Amino acid sequence: MPSFKLMEVTQNIKYDSNSTTTSFTNVIQHIFVLMVAEGDPGSLVKVAHVLLLAASWGMQCWVTFVAGFVMIRGVPRHMFGLVQSKLFPFYGHIVLGFSFLNLAIYAAYHPRELLSSTESVQIGLFFVSLILSALNARWFFPASTNVMFKMQAVEREHGLGAEIGLSANVEGYKRSCGRRTPNTKPCANPSCVTTVSPLSAKACEK
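Residues numbered from 1 in each chain as written. Predicted model: local features only at pLDDT ≥ 70, side-chain atom pairs only at ≥ 80, totals over all residues. Heavy atoms only, no water.

1. Notes on the overall build of the chain
Check the secondary structure of the chain and you find 8 helices and 0 strands. For the chain, the α and β elements follow one another from N to C terminus as α-α-α-α-α-α-α-α. For the chain, the proportion of its 206 residues judged to be buried stands at 30%. Taking all contacts inside the chain whose residues are at least 6 apart in sequence as the whole, residues at least 24 apart take part in 70%. For the chain, the accessible surface area stands at approximately 13,800 Å², while carbon and sulfur atoms represent 67% of it. (Helix = DSSP H or I, 4+ residues; strand = E, 2+ residues; numbered from the N terminus. Buried < 20%, exposed > 50% of the residue type's maximum accessible area, 1.4 Å probe, protein only. Contact = heavy atoms within 4.5 Å. Areas by Shrake-Rupley, 256 points an atom, 1.4 Å probe, with all protein chains shown as cover.)

Okay, here's the thing in structure tokens:
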């Protein structure tokens, strides 16, 4: 039984009376070795890991390839931005939590001392996923949301932002850009430079 083997391992560890940290480290290392020596993790752990991976990938695919494209074609652009600004903080932190749990479960059953080359690559990918999720949730999403609200404020001054779809009201964006200087691509009107959006940028270049 695993419990008896764990007791046997902990009893056979040589404790050093002059160093308490050494004994604790030895116990942790032996427990990790025992976890791998006992075989694969239990069915519950496997199911939990698969569910976390599926939920994380499913959420990212839905938000990236379905929800955004459907909303931008069905609601006004400023409403679309407002909805995204409310959803993305939750989305980013949920994905961050999933990434942390995926890495923690995998690392718990794959000690560093016993990793193969394939397992090292896999745990490295889990770690990269965690770092990128943290950057998205804590830095990129808030920064892009602030830029979007500044863009919307400028667009409202010109009566823009209520159209549906990226290709709507191109003439309105052209009028808001003003005239372009002969030797430079950016528009002479400062409001056009401030309005950071793909649609307004395309209108300025024409």
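Here the narrative resumes, following the displayed structure.
2. Brief notes about a nonpolar patch on the surface
A surface patch of nonpolar side chains, about 450 Å² in accessible area, is lined by Phe127, Val128, Ile131, Leu132 and Leu135. Here Leu132 shows up in helix H5 (residues 117-157). Overall, Leu132 belongs to the partly exposed group, its relative accessible area being 48%. (Patch = residues over 30% accessible without salt bridge, like charges linked within 9 Å, V, L, I, M, F, W, Y side chains within 5 Å. Salt bridge = Lys/Arg side-chain N within 4 Å of Asp/Glu carboxyl O.)

3. Observations concerning the UniProt feature "transmembrane region" (unreviewed entry) in the chain
The UniProt record annotates "transmembrane region" (unreviewed entry) at residues 50-75, 87-109 and 121-141. Between the end C-alpha atoms of residues 50-75 the distance is 35 Å, and the span holds 88% helix and 0% strand. Strand forms 0% of residues 121-141 and helix 100%; the C-alpha atoms that close the span are 28 Å apart. (UniProt positions renumbered as here; feature names shortened; annotations may be inferred.)

4. Thoughts on the nonpolar core
Grouped together as the largest cluster of nonpolar side chains are 7 residues: Leu96, Leu103, Tyr106, Ile123, Phe126, Leu130 and Ala137. Among the elements of the structure, helix H4 (77-108) and H5 are those that each provide at least two residues to this core. In terms of residues, this core owes the most to one element, H5, which gives 4 residues. Leaving out residues up to four positions away in the same chain, Leu130 has contacts with Leu96, Ser99, Phe100 and Leu103. (Core = buried A, V, L, I, M, F, W, Y, C linked by side-chain atoms within 4.5 Å.)

5. Looking at the confidence of the model for the chain
Taken over all residues, the pLDDT of the chain has a mean of 74, while the share at 70 or more is 61%. Throughout residues 13-21 the model reports pLDDT below 50, and contacts reaching past four residues in sequence, or to other chains, amount to 7 contacts. Here residues 34-39 scores under 50 on pLDDT; set against residues more than four positions off or in separate chains, the count is 10 contacts. (pLDDT = per-residue confidence, 0-100.)

6. Section: the environment of Ile131
Position of Ile131 among the secondary structure elements: in helix H5. Spatially, the C-alpha atoms of Ile131 and Phe100 are 9.3 Å apart, while their sequence positions differ by 31 residues.

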